[in-house]
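Working through the structure, step by step
So you can see what is in the structure, the chains are spelled out below.
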Amino acid sequence: MRRALRMSYLAAAVGGLGFFAMSVLLLGVWPGRALEHQIHATSPEHPLALSASEQRGRAIYAREGCAYCHTQQIRYLSSDVSRFGAATLAWETIFDYPHLWGTRRIGPDLSREASIRPEDWQFSHLYAPRALVADSVMPAFPWLFDGAPDRPRQEGRDLVAYLETLGRDRALAGPEGEAHARTACNCSDDERRFAFAALNASPAMARRTGEHPRLDASQDLSHGKELYAQYCAACHGLRGEGDGPGSAGLHPRPANLAEHEYTLDRLSASLWNGVAGTAMPGWRDLAPRDLSAIAQVVRGFHAVQPEPSLPSDVLELGARVYADRCAQCHGEKGGGDGSAAGQFSIAPADLRSGRPSMAASLRALRNGVDGTPMAPWNRELSEAELSAVAYFVRGFFQQ
Ligand code: HEC
Ligand code: HEC
Ligand code: HEC
């Protein structure tokens, strides 16, 4: 009896230690190995590591506390997937050590930030978020700049270079990478649905195409004005002149809406898809009736002026210059669909659905459109040719 009691200490010690060892194995080592295996099986062979600049940007992201407000993890929830895109796979964060997943979303998730916004938007936004997004609570980071949004210091460049890596590896893995991960993924049907949804749900990824809603002209103007003031005035200015507080650092500058006429269909396409390659975002979070109301405000900025009529020899000169110099980009009929149009990230203007005022047309020809492939023509064309073609292109517009 006594002997058995003496042995019980030993049994308890062995049992206790054994239990401890077993829990370490079961709760620590084994899941760790399973995860490692899963990462290995689903990751592409050579995921792209961060460059030196991107690595520095990552350190700045950590230093500035961006992770207090932004997550980098899309959860397996339909609310996350429909807003940001496919749920995060474990391998996507292999270079993220110590990780910057974040736990709180005061701002949006940034896992798929790469190529959603152009650089000029990112710089202007970091310099002064409220200059672009009127009701933003994101703090400004002016010390990353030399006094202006288009003069970032090295630190600012590094940080934006890092933002451009978020989601990059998964995008680079491409359809083969997705197919590979899908077969190797040890996940339930439900998880599979979230993990392999469309990679990026941002409207900015729709680029130039995409069905857009039909807008109508009969909407409440005062409601439209409120919406315009909230969402658009920061860039386009309260009177639509393209001179809002956020406009200074953007290339191309926001369109001067007072100097343009747009068809309703063009406005719908541009509001729904944004303008690819520029800071103009898509506005798919707004209901079609709100977009209609905003479109009415935009059209109201343009004052109807008497159209000058020029002699036919001027028109002929304009037509000749256009066919020689402009049609390869803007298209024979002005639809923005010339043979060279596809090679530019910012599309040549479609002159059939949007008409600049005579002054704006001439200005675009003399100065070019900063930040786009539209170069200045004042050296190559004579004054007479410039004004003839500036006039001629306005004739493409179809109400
Ligand atoms: C106090 C919270 C807060 C902090 C800190 C913060 N942000 Fe934000 N951020 C926001 C909010 C809110 C938004 C959404 C409104 C807006 O776009 O300004 C946002 C938006 C963004 C966006 C736009 C995402 C998109 O495409 O719509 C980016 C990029 C971003 N932040 C990067 C950063 C970086 C980089 C840092 C650190 C240098 C940072 N944020 C720090 C709150 C924060
Ligand atoms: C972050 C700044 C920004 C905001 C906010 C913004 N825009 Fe723009 N917008 C731009 C830029 C930049 C362009 C592109 C100019 C160009 O292509 O030369 C543009 C272009 C446009 C155009 C011309 C599109 C075309 O097809 O040529 C319209 C119309 C327009 N914006 C309306 C709006 C309206 C309405 C809102 C609010 C719902 C809005 N924008 C919000 C920056 C902005
Ligand atoms: C290399 C291609 C290319 C060539 C060549 C070209 N353009 Fe452009 N053009 C563009 C692009 C790109 C834009 C800017 C679109 C934007 O701002 O979103 C533009 C803008 C314009 C605008 C301003 C439109 C507006 O709504 O404000 C006018 C006017 C114009 N071009 C006329 C011409 C004329 C006339 C010629 C020939 C002398 C010409 N372009 C040659 C690409 C080209």
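Refer to the preceding data block for the structure.
Bear in mind the structure is a predicted one, so any value in this text is a computation, not a measurement.

Examining the side chain of aspartate 109
Among the secondary structure elements, aspartate 109 is positioned in the loop between helix 3 (78–84) and helix 4 (119–127). Its relative accessible area of 5% is what places aspartate 109 among the buried residues. Within the structure, aspartate 109 has its side chain in polar contact with the backbone nitrogen of glutamine 73 (distance 2.8 Å). A polar side-chain atom of aspartate 109 sits 2.5 Å from a polar atom in the side chain of serine 111. Leaving out residues up to four positions away in the same chain, aspartate 109 has contacts with Thr71, Gln72, Gln73, Ile74 and Phe84.

Quick word on the site of ligand 3
Taken together, 22 residues form the shell around ligand 3, and within it His260, Cys326, Cys329, His330 and Met374 come nearest. Within the side chain of histidine 330, an N or O atom sits 2.8 Å from a nitrogen atom of ligand 3. Counting residues per element, the ones that place at least two in the shell around ligand 3 are helix 13 (312–330), helix 14 (358–367) and helix 15 (383–394). Ranked by residues supplied to the shell around ligand 3, first place goes to helix 13 with five residues. Tallied by class, residues from the shell around ligand 3 come to 16 nonpolar, five polar and one charged.

What to know about the coordination of the iron atom of ligand 2
Coordination of the iron atom of ligand 2 by the protein comes from His236 (NE2) and Met280 (SD), over a distance range of 2.0 to 2.2 Å. Between the six donor atoms coordinating the iron atom of ligand 2, the angles at the centre fall across 86 to 179°, so the site counts as octahedral. Taken together, the residues span a long stretch of sequence, with histidine 236 in helix 10 (residues 233–236) and methionine 280 in the loop between helix 11 (264–273) and helix 12 (288–300) at a distance of 44 residues. Look at methionine 280 and you get partly exposed, because its relative accessible area is 23%.

Cut-off values and rules
- Residues numbered from 1 in each chain as written.
- Chains lettered and ligands numbered in written order.
- Predicted model: local features only at pLDDT ≥ 70, side-chain atom pairs only at ≥ 80, totals over all residues.
- Heavy atoms only, no water.
- Helix = DSSP H or I, 4+ residues; strand = E, 2+ residues; numbered from the N terminus.
- Buried < 20%, exposed > 50% of the residue type's maximum accessible area, 1.4 Å probe, protein only.
- Polar contact = N/O pair within 3.5 Å; in protein donor to acceptor, adjacent residues only side chain to side chain.
- Contact = heavy atoms within 4.5 Å.
- Near = heavy atom within 4 Å.
- Nonpolar A, V, L, I, M, F, W, Y, C, P; charged D, E, K, R; others polar.
- Donors = N, O, S within 2.8 Å, 3.2 Å for Na, K, Ca; no water.
- Tetrahedral: all angles 85-135°; square planar, octahedral: opposite > 155°, others 65-115°.

Honestly, that's just the spatial picture; any functional story needs more than this.
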